[in-house]
Amino acid sequence: MLARVRSGALMGIDAVVVECEVDMALGLPYFNVVGLPEGAVRESKVRVVSALKNTGFELPQKRVTVNLAPADLRKDGVAFELPIALGVLAAAKLLEEAPLGRYLFGGELSLDGTLKPIKGVLPLAVAARDKGFEGVMVPAANAAEAALVEGLSVLPVTSLREAVDHLTGTRVIPPFSRQGVSHPVGRGRAEPDMADVRGQPDLKLALELAAAGGHNVLMCGPPGSGKTMLARRLPGILPAMTFAESLEVTKVYSVLGLLNEGHALVRERPFRAPHHTLSDAGLVGGGPLARPGELSLAHHGVLFLDELPEFRRNVLEVLRQPLEEGIIHLARANQNISYPCQVMLVAAMNPCPCGYFNVPGHTCTCPEHRVFDYHARVSGPLLDRVDITLQTRPVEYHHLARAEAKESSSRHHRERVEAARQRQRERYRDEPSVHCNAQLPSHLLRRHCVLSPGAERMLELAVRRHGLSARAHDRLLKLALTRADLEDHGRIEDVDMRLAIDSRALDRRGWLHSNTQGGPPPLRSGTGGRWRPPADGSLPSARGVRPQWVDGGDSSFEEETRRDAPSVSSVGAPFPSGDEATSVS
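Residues numbered from 1 in each chain as written. Predicted model: local features only at pLDDT ≥ 70, side-chain atom pairs only at ≥ 80, totals over all residues. Heavy atoms only, no water.

Caption draft 1: Structural detail: the overall build of the protein chain. Counting its secondary structure elements, the protein chain contains 23 helices and 18 strands. The proportion of buried residues among the 585 residues of the protein chain is 53%. Residue pairs at least 24 apart in sequence account for 74% of intrachain contacts in the protein chain once pairs closer than 6 positions are excluded. Element-wise, carbon and sulfur atoms account for 51% of the exposed surface of the protein chain, whose accessible area totals about 25,300 Å². (Helix = DSSP H or I, 4+ residues; strand = E, 2+ residues; numbered from the N terminus. Buried < 20%, exposed > 50% of the residue type's maximum accessible area, 1.4 Å probe, protein only. Contact = heavy atoms within 4.5 Å. Areas by Shrake-Rupley, 256 points an atom, 1.4 Å probe, with all protein chains shown as cover.)

Caption draft 2: Expanded view of unusual backbone geometry. In the segment running from A69 into P70, the intervening peptide bond is cis, with an omega of 5°. Relative to the helices and strands, P70 is located in the loop between β4 (63–69) and α2 (81–91). Of note in the backbone geometry, L36 takes a positive phi value of approximately 60° without being a glycine. Its location among the elements puts L36 in the loop between β3 (30–34) and α1 (39–55). You will see that K93, though not glycine, has its phi angle at about 60°, which is positive.

Caption draft 3: Fine view of the sheet that holds strand β9 (residues 153–157). Ordered by their spatial adjacency, 3 strands build an open sheet running β5-β8-β9, and the pairing between neighbours is parallel. Every interior strand has two partners, whereas the edge strands, β5 (103–105) and β9, have only one. Looking at each pair of strands side by side, their axes are set apart by 25° on average, direction ignored. Here strand β8 (residues 135–139) pairs with β9 via 5 bridges, running parallel. (Pairing = 2+ DSSP bridges. Axes fitted to C-alpha atoms, helices over the stretch in contact; angles between N-to-C directions.)

Caption draft 4: Expanded view of the pairing of strand β1 (residues 2–11). Judged from the 10 bridges that link them, β1 and strand β2 (residues 14–25) form a sheet pairing that is antiparallel. Bridge pairing in β2 places G8 opposite V17. Adjacent in sequence and paired antiparallel, β1 and β2 are bridged by 2 residues, among which G12 carries a positive phi angle near 75°.

Caption draft 5: Local environment of the sheet that holds strand β16 (residues 388–391). Sheet architecture is open: 5 strands sit in the order β11-β12-β15-β10-β16, paired in parallel fashion. Of all strands in the sheet, those with a lone pairing partner are β11 (271–272) and β16, marking the two edges. Across 4 bridges, the pairing between strand β10 (residues 217–220) and strand β15 (residues 344–349) is parallel. Bridge assignment links C220 to a residue of β15, and that residue is M349.

Caption draft 6: Representation of the nonpolar core within the structure. Among the nonpolar cores identified, the biggest contains 49 residues, and L234, I388, L451, L477, I492 and M497 are the most heavily contacted of them. Residues contacting L234, with those up to four places away along its chain left out, are L207, A211, V302, M344 and V346. F57, V64, A163 and L167 belong to the second-largest nonpolar core, a separate cluster that totals 43 residues. (Core = buried A, V, L, I, M, F, W, Y, C linked by side-chain atoms within 4.5 Å.)

Caption draft 7: Local environment of the packing of α2 against helix α5 (residues 160–168). Two elements in contact, α2 and α5, have axes whose closest approach is 11 Å; the angle formed by their N-to-C orientations is 55°. In terms of orientation, α2 lies oblique with respect to α5. Note that α2 runs across α5; the crossing there is right-handed. Residues L82, A85, L86 and L89 of α2 form the contact with α5, whose own contacting residues are L160, A163, V164 and L167. Looking at side-chain class alone, the contact of α2 with α5 contains 8 nonpolar, no polar and no charged residues. (Parallel < 35°, antiparallel > 145°, perpendicular 65-115°, else oblique. Left-handed = near helix turned anticlockwise from the far one by under 90°. Nonpolar A, V, L, I, M, F, W, Y, C, P; charged D, E, K, R; others polar.)

Caption draft 8: Representation of the confidence of the model for the protein chain within the structure. Looking at the protein chain as a whole, the pLDDT averages 85, with 84% of positions reaching at least 70. Note on residues 519–585: pLDDT under 50 across the span, and 137 contacts to partners over four residues away in sequence or across chains. (pLDDT = per-residue confidence, 0-100.)

Laid out in structure tokens, this is it:
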């Protein structure tokens, strides 16, 4: 006799309905599973037979064949054991087949017939709802996760016997209650507070700006200046996730089995900080089963890469396309899988191997070529995708010596960020794929970015004088728009554009040369200039002597911006870049 039971196989973060066909025929007793099963699925026949016997079912001595259709889709995991066991009972006429058609089944069987939790229950429940099934029958430990999908009956079972009793009507299992599960309220746990960080007001304002628009950040500074401490507090100033965002993140964690017991829904924005020995497959996903990587685990959250130059070059370069598109595509011989990765990239690095290049009060012991080699580990195309690049400075002693810290709290920054995000939601209400300024596509930039004449002039000069790319131009506009949202400006004002330009210190043409060899790379044809030596006549070097570049031919960027725009101090000073030599203001 032939029986059919439906289950699901994971394809990325989604589930595909799989039909478990069980045929019981005359012949030598044998149990065979076909349909491209992986190791755990092939072994399931042993656990299924033992679970049926130990539950009290006597199977006829016949040949059993199980086909998992579609046969060209790889089947992995232990979720097929419950549906296979029920299909065997139906094929042996120990169970009616009609009730089996109303549900999707999933669960791992112990040898005594009890059910263990499985991975990917949330995608399974979503597939059941989309395909019109009445409900799902899953282990009791996974019931809360499946109950996140509304309009679906969730039957929690603890053993094979309990599942059979419900399907035969002997003892009906009440559906799982959704009370307190479906809609998250507030934040799930207490997060580190910005008030714990002494000093560094410039960095706090920079992270506030990044959180308000979803921008990427790179902090470059000496060890102990608070880069890591501030990065770990960034999720605390981000807006709370919506229910739709929480579901997307939960699906990723469900596929990997990373959901904490008793917490079916991921309520907090993820914060992932992988070690720099991470492989490229560990970052973007991959492996034999093409599982999600750290990039997808940080979806709708923060991916923090500490000691950025220490990551292998091939690992960093795979970030280029995902940071632009917010999705990662993995191609394998028999499948193509896409994982979401809308992340805020936050990176930290030292200015040189010893950590004290261009740091006042310290002496750098690195030869100049080592400084250049160290910075060259971060490629220009990757740096071009970072909106905010800042130099940090050591924390001053008077901040550390205060008995009572009077620092701004995470709540203060979060309120400002949420107000800016609300303005962005109103602006993009007709753009369903845009949720913050960082996601604004290029063809919509000029529609939503209204600039003052002075801001337009500053943008033009910044692109021309600093050799910024078209991508950097777009990111400057988005960053200036975010600053305007924070200050509730009706358009991008001069001070907003000035701050956005000041926030891209490390990718300016000649920044590194000006602090090592006393000048930038040779200028393009048609531009003149000379280096003004220090007043004491010493040679420029990386040990703190900072020469000045004097343009020839046409007026400098600073002179033109001062002429066309009001002074920053007259309209409220933004945070500086941390290095006066690289500031445009």
